[in-house]
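# Coordinate inspection notes
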Amino acid sequence: MIVWLNGTFGAGKTTTAHELLDLLPGSTLYDPELLGSGLRLMLPAKRFEEVGNFQDLPSWRRMVVDTAAALLTEVPGPLVTPMTLLRQEYRDEIFGALAARRIPVRHVLLHAEETILRARIAERQDPSADAEATASLRRWSLEHLGPYADALPWLQGDAHVVDTTRLTPRQTAERVAEAVRTGAGACDIVQTPEPTAETLAAGVLLFDDQDRVLLVDPTYKAGWEFPGGIVERGEAPAHAGVREVAEELGIELPRAPRLLVLDWEAPNPPGYGGLRLLYDGGTLTDDRISKLLLPGAELREWRFATESEAEKMLPPVRWNRLHWALRARERGCPLHLEAGVPVG
């Protein structure tokens, strides 16, 4: 298990984490910031100039998961992780990958009002740093108060909140320990096993009466997606698409959907690639749209989007696949793609 202590600078994550080690038997401090420091030493300086924060590095986010899994083969756990995580798509990517490794997460937000946070940051001292470095650290901390305020709505909906305003680090740790014991902050995410070879996946495009396409926001990975999923062993791909639509959205398609695109996705380590199929699930009536369901462990949100809106929402590979699927729908003829490029 991982007890992820989230919150901005001044919330008390580090001091609480050290106190928590005394309260959770077998626990170990796991600081992913050390991974960022290591990458800073190993990667070319130019790479760090391209990102605003080491969290923006895909390698860091993957290392967070891989290192946690490795640590849990050495220690009984839980891992106590004091780490600010404000971008929801990074939360989805990291927590979803942990769920795929069968590593449960208790997400706890340590929160205090901005006036309290500013006062704590003003008093922050680093005995190993000179006055200029300390002042720079304080400025860095203050700059994160705005992004923290922006992230607060989703954080409060996702994590168990402990208000640290009037609590000592020990009292905060006791609250967190009790929350862990009662299961508070548990992230109920669908556990999608990481592939070990090429996969076959089937997605279904559903439309409203304005020809906008339905997109869904998974809780277990970053970015918007089409309804659908991995085809199970021995399962017909079209049937898999119908099954996934029913499981994810509560929509029963009356017939097997029509194929729009078959796309071979090239391996891109650590991904294995494979075949990706997109089907035309047809137009949903207003009555059926009103009955759409969302399984909380799998999907956070759904919305209909125009083609131009979808381009801003989808990762490039998925957007390209949608673009060609829409052209195939207009022409009434399926398209064969290889790495996103039509062939034949």
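Residues numbered from 1 in each chain as written. Predicted model: local features only at pLDDT ≥ 70, side-chain atom pairs only at ≥ 80, totals over all residues. Heavy atoms only, no water.

## What to know about the sheet that holds strand 3 (residues 79-82)
For sheets, the rule is that strands pair by backbone hydrogen bonds, running either parallel or antiparallel. Note the cut-off: Between any two strands, at least two bridges found by DSSP are needed for them to pair. Secondary structure is summarised from DSSP: a helix means a run of H or I of at least four residues, a strand means a run of E of at least two, and numbering begins at the N terminus for each.
One open sheet holds the 5 strands; their spatial order is 2-3-1-4-5, and the pairing between them is parallel. Because the sheet does not close on itself, it has two edges, and the strands there are strand 2 (28-29) and strand 5 (160-163).

## Observations concerning the environment of Ala70
Where we set the bar: For the exposure calls, accessible area comes from a 1.4 Å probe over protein chains only, and a residue counts as buried if that area is under 20% of its type's maximum, exposed if over 50%, partly exposed in between.
Within the element layout of this structure, Ala70 appears in helix 4 (residues 58-71). Residue Ala70 is classed as partly exposed on the basis of its relative accessible area, which comes to 41%. Measuring from C-alpha to C-alpha, the distance between Ala70 and Arg212 comes to 44 Å, with 142 residues separating the pair along the chain.

## Comments concerning the packing of aromatic side chains
What counts is decided by this rule: Any Phe, Tyr or Trp ring, taking Trp's six-membered ring, that has another such ring centre within 6.5 Å forms a pair; planes under 30 degrees apart are called stacked, those over 60 apart edge-to-face, and the others tilted. Definition used: whenever NZ (Lys) or CZ (Arg) falls within 6 Å of the ring centre and also within 35 degrees of the ring normal, the charge is taken to sit over that ring.
Tallied over the entire structure, the rule returns 3 aromatic pairs. For the ring pair Phe54 and Trp60, a centre distance of 5.3 Å and an interplane angle of 55° mean the geometry is tilted. Among the residues examined, Phe54 registers a relative accessible area of 11% and is labelled buried. One Lys or Arg, Arg61, reaches over the ring of Tyr90 and ends 4.2 Å from the middle of that ring.

## Some words on the nonpolar core
How we decide: Among the buried residues, those of types Ala, Val, Leu, Ile, Met, Phe, Trp, Tyr and Cys that are joined through side-chain atoms within 4.5 Å form a nonpolar core. We call two residues contacting when some pair of their heavy atoms lies within 4.5 Å.
Counting 29 residues, the largest nonpolar core has Val3, Leu5, Leu20, Tyr148, Leu155 and Val176 as its most contacted members. Sorting the residues of this core by element identifies strand 1 (2-6), helix 1 (13-23), strand 4 (105-111), helix 6 (114-122), helix 8 (145-158) and helix 9 (169-182) as the ones contributing at least two each. Beyond its immediate chain neighbours, meaning those up to four positions away, Val3 contacts Leu20, Leu24, Pro78, Leu79, Val80, Thr81, Arg106, Val176 and Val180.

## Looking at the domain arrangement of the protein
Keep this limit in mind: Note that the domain bounds were set by an automatic or database domain assignment. Reported buried area values correspond to the accessible surface (1.4 Å probe) lost by two parts on association, with both partners' losses combined. Whenever Lys or Arg places a side-chain nitrogen within 4 Å of a carboxyl oxygen from Asp or Glu, that contact is recorded as a salt bridge. Any pair of N or O atoms that falls within 3.5 Å is considered a polar contact. Within protein, one atom must be able to donate a hydrogen and the other to accept it, and sequence-neighbouring residues count only if both atoms are side-chain atoms. Under the scheme applied, nonpolar residues are Ala, Val, Leu, Ile, Met, Phe, Trp, Tyr, Cys and Pro; charged residues are Asp, Glu, Lys and Arg; polar residues are all the others, including Gly.
As assigned here, the protein comprises domain 1 (2-187) and domain 2 (199-342). Computed over C-alpha atoms only, the centres of domain 1 and domain 2 are separated by 34 Å. The interface is formed by 8 residues belonging to domain 1 together with 8 residues belonging to domain 2. For the pair domain 1 and domain 2, the summed buried area comes to about 530 Å², and 47% of that belongs to carbon and sulfur atoms. Contact with domain 2 buries area across many residues of domain 1, yet Arg62, Gln88 and Asp92 alone supply 59% of it, more than any other trio. The interface formed by domain 1 and domain 2 includes 1 salt bridge. Here Arg300 makes a salt bridge to Asp92, at a shortest N to O gap of 2.8 Å. Counting across the domain 1 and domain 2 interface gives 2 residue pairs in polar contact (both at pLDDT 80 or more). Tallying contributions element by element places helix 5 (residues 88-100) first for the side of domain 1 that touches domain 2, with 7 residues. Here the residues of the side of domain 1 that touches domain 2 are counted per class, giving 1 nonpolar, 2 polar and 5 charged.

## A word on the pattern of salt bridges
Taken as a whole and assessed by the stated rule, the structure comprises 33 salt bridges. As a salt-bridge pair, Asp211 and Arg329 come within 3.3 Å of each other at their nearest N and O atoms. Note that Asp211 is positioned in the loop between strand 6 (199-207) and strand 7 (213-218) and Arg329 in helix 13 (residues 316-331), a separation of 118 residues in sequence. The residue Arg243 makes a salt bridge to Glu235 at a minimum N-O spacing of 2.7 Å. Given a relative accessible area of 15%, Arg243 falls into the buried group. Through salt bridges with shared partners, a single ionic network connects Arg91, Asp92, Asp158, Asp217 and Arg300.

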